[in-house]
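Inside the fold
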Amino acid sequence: MASLHLQFFILTLFSALISADQTAKTYIIRVDSFSKPSVFPTHFHWYTAEFTEPATILHVYDTVFHGFSAVLTPYQAASVLKHPSILAAFEDRRRYLHTTRSPQFLGLRNQRGLWSESDYGSDVIIGVFDTGIWPERRSFSDLNLGPVPKRWRGTCQTGVKFTRKNCNRKIVGARFFSKGHEAAAPGMGGIIGGINATVEFKSPRDADGHGTHTASTAAGRYAFRASMEGYASGIAKGVAPKARLAVYKVCWKDAGCFDSDILAAFDAAVNDGVDVISISIGGGDGISSPYYLDPIAIGSYGAVSRGIFVSSSAGNEGPNGMSVTNLAPWLTTVGAGTIDRNFPADVILSNGKTFSGVSLYAGEPLNGTMYPMVYPGKSGVLSASLCMENSLDPNKVRGKIVICDRGSSPRVAKGLVVKKAGGVGMILANGVSNGEGLVGDAHLIPACAVGSDAGDQIKAFLASDPTASATIRFRGTVIGIKPAPVVASFSGRGPNGLNPEILKPDLIAPGVNILAAWTEAVGPTGLESDTRKTEFNILSGTSMACPHVSGAAALLKSAHPDWSPAAIRSAMMTTANLVDNSFNPMIDESSKKPATPYDFGAGHLNLDLAMDPGLVYDLTNNDYVSFLCAIEYGPKTIQVITRAPVNCPMRKPLPENLNYPSIAALFPSGSTRVSSKTFFRMVTNVGVANAVYALKVKPPKGVKVSVRPDKLVFSETVRRLGYYVTITVDKNLVLDDSGAVYGCLAWVDGKHVVRSPIVVTQINPL
């Protein structure tokens, strides 16, 4: 059914394109590799003989995906699509980056537990798909590291300002992928002639900073006396300090990351021999493509099906519901939480009131001097309220502290606009959509970010007293903040917009104010006019949370080489924390209410417990195929993802029976009778052989949960056991304001608590 839909959809898409537009674009073409005629020695020979000219081909894919990407007119693409060996074709799309104390905050301690038992991840290779790396940073030193693992087959690709000497026993490989980026038409943000050499390096060297930051978060070495201009000073280190790094530069400064290049990087990384892939990239529009049109889903399936763990970011479109991205059930999707460290700053008003906010400003302080305030937004002009370029009148701003509303332009850029217009400082006020969620920035002028409540009160005071004045006090670094973790307001939320039967995100990890290594190419704000140089920078985003989980996976893989990617994810999910450091349920930064599994998935990563989870929910390639059959993808559509032809069973499986460590029960809304659903799950004992687990259930409010059996008895010979969960709701079910009710079930043996969240919701049947 879905494969007919797919072909109909693609043909309609092409006929619409052909009538409208004949400009050449990059297409990714999925080929049934089994139909290659034997007269052609290679796939490349076949593609260039039968489908297109050699000059138009950008990448040939042969590992995670069979096919090629090429620059074609819609007319050429449509004629290629008519060939019986072609399974699918889709246009290249641009993706975006999802832009110390965090290892201790995850429960890692020196000389004991996971760090020592996994030797800090020394034999594991993490592939980072990002903007490249600044290899000279101390975080990437190979001092005292053993030889590169023998199974490594990758390469050190040289280019502008990047030689073979930039790879070492720490950075074991580096490559860059630019063909899709260079082929993009100027209208798509491509630059005529490709890479903009004034701001970029055509090599694995990082001109942006994001890649250096994520790589060192996952696997940075110990760097003493680390700080960002005095903030967050201490020892910087990654989650797996001895793991090796393989760098795949797929994203380019100010130009995003193209699907065709991302797929080529997946192909290379799997062939090179990485163990973990970290990808802090996703759709920039908050809309998730179906898996067969999503190269991150396709590429990661190819990796996971070969035993490689893939960690991805949940996106930064929160706190809106259904904003989570990277939804494929074989991916581990990571949201962001805060850590117990903050960078407070205060706005002190002339009426004596003080409002607390955050800032990473490190220049000359205001030293208590009061300055008059101005709010350009009271004119009603939106660009002025947002302090956009050229929107401020220097005569009204000079010598004053300017209140700017958050949104539309980078937060640090607003301060630059204020500075150019002669302002002395900035109060950056959140709107309703960001609520109370604050992010520290390395501002170029004295500036403090405040939540929407404080912003409203400061504006109201100024409106009531036009002579009002203020100053900003910077309080440096404060640790031991409570409560923490708190779910970051920007973190992408459930429910899963493609298949709500699979709860996403899977879990959260530290993603707010994370200190990690930085590029030498730009200042800490990334703005052109920021000429400061810093070895480390502090950033926030699910981009920062994802590499924490990649590093964690490296440690778990090092300690348990035989665990599958699903077993590693299960260990992290079933042991995750639901409480903060004040022993209360985790809260949501944007609402200040208790957070739910739609916000944090199974909870906050707790590595100390993940090392020894007791039981895991394992999954094989066949399980994922039956999930794809269950969501009504036809055999051809599934082959786009899995490479191999499949036959779906006569009896359609249920998507909710995928052996996932969480349970999402969907009931039709408006039902007038009692409804119930039964789910099947299977656990594998990875702890001591003769274990007995008893059941503990906390049913969601107004829901009945029964489990059989209610006891699991393992032995030397019995390592895997299944159980059934029946969830029953009646017509009077009342959902909370997130549209669901929540509970959990746990298997307990006296030492381990193996917990799975339960989400019950009602949806309108399609």
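For clarity, every value in this text was computed on a predicted model and none was experimentally measured. (Residues numbered from 1 in each chain as written. Predicted model: local features only at pLDDT ≥ 70, side-chain atom pairs only at ≥ 80, totals over all residues. Heavy atoms only, no water.)

Notes on the overall build of the protein
Counting its secondary structure elements, the protein contains 19 helices and 37 strands. The C-alpha radius of gyration computed for the protein amounts to 26 Å, which stays within 12% of the reference 27 Å derived for 766 residues, consistent with globular compactness. Expressed as lengths along the three principal axes of its C-alpha atoms, the size of the protein is roughly 75 × 65 × 60 Å. Buried residues in the protein amount to 61% of all 766 residues. For the protein, the exposed surface amounts to about 28800 Å²; the carbon and sulfur share of it is 55%. Of note, the protein has its 73 positive side-chain charges centred 3 Å away from the centre of its 61 negative side-chain charges. (Helix = DSSP H or I, 4+ residues; strand = E, 2+ residues; numbered from the N terminus. Rg over C-alpha atoms; globule rule 2.2 N^0.38 Å. Buried < 20%, exposed > 50% of the residue type's maximum accessible area, 1.4 Å probe, protein only. Areas by Shrake-Rupley, 256 points an atom, 1.4 Å probe, with all protein chains shown as cover. Lys, Arg positive; Asp, Glu negative; His and termini not counted. Charge placed at Lys NZ, Arg CZ, Asp CG, Glu CD.)

Focus on the nonpolar core
The biggest cluster of nonpolar side chains holds 79 residues, and the ones touching the most others in it are Ile126, Met373, Ile458 and Met572. Setting aside residues up to four positions removed in sequence, Ile458 forms contacts with Val347, Leu349, Phe355, Met373, Ile403, Ile427 and Val450. Counting residues in hydrophobic clusters, the runner-up holds 64 residues, among them Phe90, Val270, Tyr301 and Val310. (Core = buried A, V, L, I, M, F, W, Y, C linked by side-chain atoms within 4.5 Å. Contact = heavy atoms within 4.5 Å.)

Description of the packing of aromatic side chains
This model, assessed by the stated rule, comprises 23 aromatic pairs. Plain terms: the ring middles of Tyr47 and Phe51 are 6.2 Å apart, the flat faces sit at 40 degrees to each other, and that makes the pair tilted. When its relative accessible area of 0% is taken as the criterion, Tyr47 is described as buried. Where Tyr291 meets Tyr633, the ring centres are 6.3 Å apart and the plane angle is 55 degrees; that geometry is what we call tilted. Taken together, the residues span a long stretch of sequence, with Tyr291 in the loop between β14 (281–283) and α9 (295–304) and Tyr633 in the loop between α18 (621–630) and α19 (635–642) at a distance of 342 residues. Accessibility classification places Tyr291 together with Tyr633 in one group, the buried group. Above the face of the Phe65 ring, Arg30 is positioned so that its terminal group lies 5.2 Å from the ring centre. We note Arg205 situated over the ring of Trp134; from NZ or CZ to the ring centre the distance is 4.4 Å. (Phe/Tyr/Trp six-rings, centres within 6.5 Å; stacked < 30°, edge-to-face > 60°. Lys NZ or Arg CZ within 6 Å of the ring centre and 35° of its normal.)

As for unusual backbone geometry
Omega for the peptide link from Ala484 to Pro485 comes to -5 degrees, which places this bond in the cis form. The residue Pro485 is located in the loop between β25 (478–479) and β26 (507–510) in this model. Here the amide bond leading from Gly494 into Pro495 is cis, since omega sits at 0 degrees, within 30 degrees of zero. Along the chain, Pro495 falls in the loop between β25 and β26. Positive phi outside glycine occurs at Arg225, with the angle close to 50 degrees. Here Arg225 lies in strand β8 (residues 223–228). Judged by relative accessible area, Arg225 falls into the exposed class, the value being 78%. For Asn390, which is not a glycine, the phi torsion comes out positive at approximately 60 degrees. Along the polypeptide, Asn390 turns up in the loop between α10 (382–385) and α11 (394–397).

A look at the UniProt feature "active site" (unreviewed entry) in the protein
Here, the residues flagged by UniProt with the feature "active site" (unreviewed entry) are Asp130, His210 and Ser543. In sequence the annotated residues extend across 414 residues, while in space they remain close, none of their C-alpha pairs exceeding 9.9 Å. Note that Asp130 resides in strand β6 (residues 125–130). We classify Asp130 as buried; its relative accessible area is 1%. Filtering out sequence-adjacent residues up to four positions away, Asp130 remains in contact with Leu97, His210, Gly211, Thr214, Tyr248, Lys249, Val250, Cys251 and Ser280. At a separation of 2.7 Å, a polar atom in the side chain of Asp130 contacts the side chain of His210. (UniProt positions renumbered as here; feature names shortened; annotations may be inferred. Polar contact = N/O pair within 3.5 Å; in protein donor to acceptor, adjacent residues only side chain to side chain.)

Description of the UniProt feature "domain: Subtilisin-like protease fibronectin type-III" (unreviewed entry) in the protein
Listed under "domain: Subtilisin-like protease fibronectin type-III" (unreviewed entry) in the UniProt record, and renumbered for this structure, are residues 657–760. Between the first and last C-alpha atoms of residues 657–760 the distance is 15 Å; the span itself is 0% helix and 58% strand.

Quick look at helix α3 (residues 74–81)
Of the positions making up α3, those classed as buried are Pro74, Ala77, Ala78, Val80 and Leu81. Buried residues of α3 fall within an arc of 160 degrees about the axis and therefore sit on the same side. (Arc of directions from axis to C-beta.)

Quick look at the state of the cysteines
Note on terminology: disulfide describes a covalent bond linking the sulfur atoms of two cysteines. Within this structure, the stated rule accounts for four disulfides. Disulfide partner of Cys629: Cys648, at an S-S distance of 2.0 Å. Between Cys629 and Cys648 the disulfide shows an S-S torsion of about -85 degrees. By sign, it is left-handed. Here Cys629, found in helix α18, pairs with Cys648, found in the loop between α19 and β30 (663–668); they are 19 residues apart in sequence, far enough to count as distant. (Disulfide = S-S within 2.5 Å.)

Remarks on the sheet that holds β6
Taken together, seven strands build an open sheet; the order of strands is β7-β10-β6-β13-β15-β16-β26 and the sheet is parallel. Lying at the two open borders of the sheet, with one neighbouring strand each, are β7 (171–176) and β26. Within this sheet the neighbouring strands show an average axis-to-axis angle of 25 degrees, counted without direction. For β7 and strand β10 (residues 244–249), the ladder comprises five bridges, and the chain directions are parallel. Counted as the bridge partner of Phe176 is Lys249 from β10. (Pairing = 2+ DSSP bridges. Axes fitted to C-alpha atoms, helices over the stretch in contact; angles between N-to-C directions.)

A closer look at the sheet that holds strand β4 (residues 86–91)
In spatial order, the strands read β2-β3-β1-β4; together these four strands make up an open sheet with antiparallel pairing. In the strand order of this sheet, the two ends are held by β2 (57–61) and β4, each with one partner. Each adjacent strand pair in this sheet contributes to an overall mean axis angle of 20 degrees, direction not counted. Of the strand pairs in this sheet, β2 and strand β3 (residues 67–72) are connected by four bridges, and their pairing is antiparallel. Across the sheet, Ile57 pairs through a bridge with Ala70, a residue of β3. Contacts between α3 and the sheet are confined to β1 (25–31), β3 and β4, with β4 contributing the most and set at about 160 degrees to the helix. Helix-sheet contacts for helix α8 (residues 259–272) involve β1, β2 and β3, and the interaxial angle to β2 is about 35 degrees.

Observations concerning the confidence of the model for the protein
For the protein, the mean per-residue pLDDT works out to 91, and 92% of the residues sit at or above 70. Contacts of residues 6–20 to residues separated by more than four positions or lying in other chains number 22 contacts, the stretch itself having pLDDT below 50. When the criterion is pLDDT under 50, residues 100–115 qualifies, and its contacts beyond four places in sequence or with other chains add up to 62 contacts. (pLDDT = per-residue confidence, 0-100.)

Observations concerning the environment of Arg95
Its place among the elements puts Arg95 in strand β5 (residues 94–97). Residues Arg95 and Gln76, 19 residues apart in the sequence, show an inter-C-alpha distance of 25 Å. Reaching out from Arg95, the side chain makes a polar contact with the side chain of Asp259 at a distance of 2.8 Å.

Some details on a nonpolar patch on the surface
A contiguous nonpolar patch, built from Leu578, Val579 and Phe583 and spanning about 300 Å² of accessible area, is present on the exposed surface. Structurally, Leu578 can be placed in the loop between α15 (565–574) and α16 (597–600). (Patch = residues over 30% accessible without salt bridge, like charges linked within 9 Å, V, L, I, M, F, W, Y side chains within 5 Å. Salt bridge = Lys/Arg side-chain N within 4 Å of Asp/Glu carboxyl O.)

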